[in-house]
Amino acid sequence: MQTATLEPRGASLAPVADGYIDYYGHAAAAGGWLFCGWSRERWPEPLRAGAVIAHFERGRVVAETLVAWHDRPDLGRQGIGVMVFARAPERRLGEFLGLEVTLEPGAAPLRLQAVKPLVHLREPDLLGRTRPMLLRSVGAERPRIAGLLSRRPFTGADTLSDLSAPVQFEVDETILSPPDGLLLLGWCTDPGSAVAAIRIRRGGATSAPIAERWLRTRRGDVFEAIGAKLGLADDRCGFLAYAPGCVGEIGPLYAEIELRNGEVGYKRLPLPARIGSSAIRRVLGSVELAPDEIEGAFDRVLGPALAPINTARLARPRPCSEVAFGAQPAQPVGSVIVPLYGRMDFLLYQLALFSADPGFARHELIYVLDEPARRRELLDLAHSAHRRFGVPFRVLLLEENLGFAPANNVGLSRARGDFVCYLNSDVMPEAPGWLDRMVADLEADDGLGMLGALLLFEDGTVQHQGLTFERLPQLAGWPFPMHPGKGRLHRPPADPVQEVEAVTGACMVLRAELARELGGFDEAFAIGDFEDSDMCLKIRATGLRLAVDHRARLFHLERQSQVTPDRMWRFNVTLLNAWTHTRRWFADATKESST
């Protein structure tokens, strides 16, 4: 049976009725609504998915249903008694209005309206009134309804061992995906393929079968312990599953495991505890995807589950203290914002080079520490660097690791210059005057929205001279920013300011007013990656151009980390951001790449 769709909007039925509903209620153990009344005619069975719509005052429920029929002597030949079970969680949708039944696509629906006054029964009264009726009902689906209504409710005990099939279902951890979704990490064995569906419940909320949003993961520990005994083919007996809309306000959290023979077992689940970046790393570090699994995994599980976690972690207040070194410029032309994470010593090298640039005194320099545990180390280094080089700067000290986009946005909130330069800590100027030159380019051309620099490797070959987008078949056909000419000797163009598709966030300059209009970097991109190309595409969408000034030459000490099993989460967070970027700017990318 498929999951119901809840549509939170009011609905009304036509005045002409094809039958009536006398009473209704929600059977929590069965996991659905029960509507009892009569119809002027008997419907063919089974009905197609979505054929029945239950209308309520403040919304409607669209669900696959089961139907049973019984005689109604009080109606004579004018109608037949009907019992409709619709699997759907209980929601506060207001007064029930009636059922709408579409027998054939395009045909006018039958309408079973609610009688006045309508009886809404609590579960014990509902079951007590309905079960005797089932004994004299007919229809191919009557046994299934009887089985559902005979289920025992969850009492807090695990009952998987009572099932006739040797199913094992263990959940190591649950993670809340706000507001009411849940991620589950664990393992499951079902040697006889006896499981029909697994649903997650809490309070009045019930999830869809989680097999619809289920990823297999490697569990070498489980495979080694019981793999041979159960005849498991490989160690991918672990799972990561996403269950949206399943966390009610009160009550125990548990899984309902339904077998194909109708039996049901329960498994109590641990309550979610991990949040924020820790939750994102835990989830992304648990999955290793083959190329043909990437798109489905992010569309069904990782994308919709992790995006709310990332939003929630960034919605909290962002305490930030500030330490100033030296006399700050009264009216800076530009504000250079440098987030710090990882190597703190790059600050020392940058300040040494900035001190040799006379024009740099026109600008302000803002470092943003995005690694709170290294606060003391950074401040000691900053005091030493200021004494040695005399360049004034400020240090913004975050109290938690926020990631590339939020750290830069905190810097933007404190920036006072007319222009903003986003700069990585591992980018070092080759010669003085680079920032003055880039600011002058922007001042001379109102149609230029953003300017990037020529970035070089230590050996003088090109690291960045603009970005293009290339769809990578091995990564779901999603467009990734690529560096044309990377690793080659630089050939200066005739016009040093060259228009490009996008520029890297390692060094980009734009007007501060435009940066604020855009809201800074978009924080929907978790931790890092793709914020820069997203900003570039937003600027281009306004009609402004992007360019690289080949005279602004800087070295980029690009660090490349090999993806190993313990760093898989970092590769997957890049994929998560690629998913967000693709769905926003290249919605047809996958479709076109597959044709």
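Cut-off values and rules
Residues numbered from 1 in each chain as written. Predicted model: local features only at pLDDT ≥ 70, side-chain atom pairs only at ≥ 80, totals over all residues. Heavy atoms only, no water. Helix = DSSP H or I, 4+ residues; strand = E, 2+ residues; numbered from the N terminus. Buried < 20%, exposed > 50% of the residue type's maximum accessible area, 1.4 Å probe, protein only. Contact = heavy atoms within 4.5 Å. Areas by Shrake-Rupley, 256 points an atom, 1.4 Å probe, with all protein chains shown as cover. Lys, Arg positive; Asp, Glu negative; His and termini not counted. Charge placed at Lys NZ, Arg CZ, Asp CG, Glu CD. Pairing = 2+ DSSP bridges. Axes fitted to C-alpha atoms, helices over the stretch in contact; angles between N-to-C directions. Disulfide = S-S within 2.5 Å. Expected span 1.5 Å × (residues − 1). Arc of directions from axis to C-beta. Phe/Tyr/Trp six-rings, centres within 6.5 Å; stacked < 30°, edge-to-face > 60°. Parallel < 35°, antiparallel > 145°, perpendicular 65-115°, else oblique. Left-handed = near helix turned anticlockwise from the far one by under 90°. Nonpolar A, V, L, I, M, F, W, Y, C, P; charged D, E, K, R; others polar.

Looking at the overall build of the protein chain
Reasoning step 1: Counting secondary structure elements, the protein chain contains 13 helices and 30 strands.
Reasoning step 2: With the C-alpha coordinates of the protein chain rotated into their principal frame, the extents come out at 100 × 60 × 50 Å.
Reasoning step 3: Burial statistics for the protein chain: of 595 residues in total, 53% are counted as buried.
Reasoning step 4: Within the protein chain, residue pairs in contact and separated by at least 24 positions form 78% of the contacts whose partners lie at least 6 positions apart.
Reasoning step 5: Surface exposure of the protein chain reaches about 26,100 Å², of which carbon and sulfur atoms provide 51%.
Reasoning step 6: Separation of charge centres in the protein chain, based on 68 positive and 74 negative side chains, amounts to 4 Å.

A look at the sheet that holds strand β11 (residues 181-189)
Reasoning step 1: The four strands lie next to each other as β10-β11-β15-β14, forming an open sheet whose pairing is antiparallel. At either end of the open sheet lies a strand with only one pairing partner, and these are β10 (168-177) and β14 (214-217). The mean inter-strand angle of the sheet, taken between neighbouring strand axes irrespective of direction, is 20°.
Reasoning step 2: In this sheet, β11 lies alongside β10 in antiparallel orientation, the contact comprising nine bridges.

Quick word on the environment of Glu 517
Reasoning step 1: Tracing the backbone shows Glu 517 in helix α10 (residues 512-517).
Reasoning step 2: Residue Glu 517 is classed as exposed on the basis of its relative accessible area, which comes to 60%.
Reasoning step 3: For the pair Glu 517 and Gly 433, spaced 84 residues apart in sequence, the C-alpha to C-alpha distance is 28 Å.

What about the state of the cysteines?
Put plainly, two cysteines are in a disulfide when a covalent bond ties their sulfur atoms together.
Reasoning step 1: Applying the stated rule across the entire model yields zero disulfides.
Reasoning step 2: Counting only cysteine sulfurs, Cys 237 is the nearest neighbor of Cys 188, a cysteine outside any disulfide, at a range of 9.2 Å.
Reasoning step 3: Using a relative accessible area of 16% as the deciding quantity, one classes Cys 188 as buried.
Reasoning step 4: There is no disulfide at Cys 421, and the cysteine sulfur nearest it, in Cys 507, is 4.5 Å away.

So, helix α7 (residues 375-389)
Count 3.6 residues to each turn of an α-helix, and residues three or four apart come out pointing the same way.
Reasoning step 1: Across its 15 residues, α7 extends 21 Å between first and last C-alpha, which sits within 8% of the 21 Å expected from 1.5 Å per residue.
Reasoning step 2: Residues of α7 that are buried include every one of Leu 378, Leu 379, Leu 381, Ala 382 and Ala 385, and no others. One face of α7 carries all of its buried residues, which in axial projection span an arc of 165°. Exposed side of α7, more than 90 degrees from the buried face: Arg 376, Arg 387 and Arg 388 are the residues found there.
Reasoning step 3: Contacts from the buried residues of α7 go to β18 (320-325), β19 (334-340), α6 (346-354), β20 (364-369) and β21 (393-398).
Reasoning step 4: Looking at the residues trailing α7, positive phi occurs at Gly 390, about 75°.

Section: the packing of aromatic side chains
Reasoning step 1: Per the counting criterion, the structure on display carries 24 aromatic pairs.
Reasoning step 2: Taking 6.5 Å as the distance between ring centres and 65° as the angle between the ring planes, the aromatic pair formed by Tyr 24 and Phe 56 counts as edge-to-face. Residue Tyr 24 is found in strand β2 (residues 19-27), and its partner Phe 56 is found in strand β4 (residues 52-56); the two are separated by 32 residues along the sequence.
Reasoning step 3: Classification of Phe 56 by relative accessible area gives buried; the value is 1%.

Describing the packing of helix α4 (residues 276-284) against helix α5 (residues 294-315)
Reasoning step 1: Where α4 contacts α5, the axes come no closer than 8 Å and their chain directions differ by 160°. Here α4 is positioned roughly antiparallel relative to α5, judged by the angle of their axes. The interaxial crossing formed by α4 with α5 has left-handed handedness. Residues Gly 276, Ser 277, Ala 279, Ile 280, Val 283 and Leu 284 of α4 lie in contact with α5, whose contacting residues are Leu 302, Leu 306, Ile 309, Asn 310 and Arg 313.
Reasoning step 2: When the residues that make up the contact of α4 with α5 are grouped by side-chain class, the tally is seven nonpolar, three polar and one charged.

Digging into the sheet that holds strand β12 (residues 195-202)
Reasoning step 1: Taken together, four strands build an open sheet; the order of strands is β13-β12-β16-β17 and the sheet is antiparallel. In this open sheet, the two strands that pair with only one neighbour each are β13 (205-206) and β17 (264-268).

Considering the pairing of strand β24 (residues 448-456)
Reasoning step 1: Of all nine residues making up β24, nine are buried, and the element is well covered by its neighbours.
Reasoning step 2: In this structure, β24 lies alongside strand β30 (residues 545-556), joined through eight bridges in parallel fashion. Looking at the pairing, Leu 454 lines up with Arg 553 of β30.
Reasoning step 3: With three bridges joining them, β24 and strand β29 (residues 507-511) adopt antiparallel strand pairing. Of the residues in β29, the one forming a bridge with Met 450 is Leu 510.
Reasoning step 4: In terms of strand pairing, β24 meets strand β25 (residues 462-464) through two bridges, oriented antiparallel. Of the residues in β25, the one forming a bridge with Leu 456 is Val 462.
Reasoning step 5: Hairpin connection from β24 to β25: five residues lie between these consecutive antiparallel strands, with Gly 460 at a positive phi of about 90°.

By themselves these figures say nothing about function.
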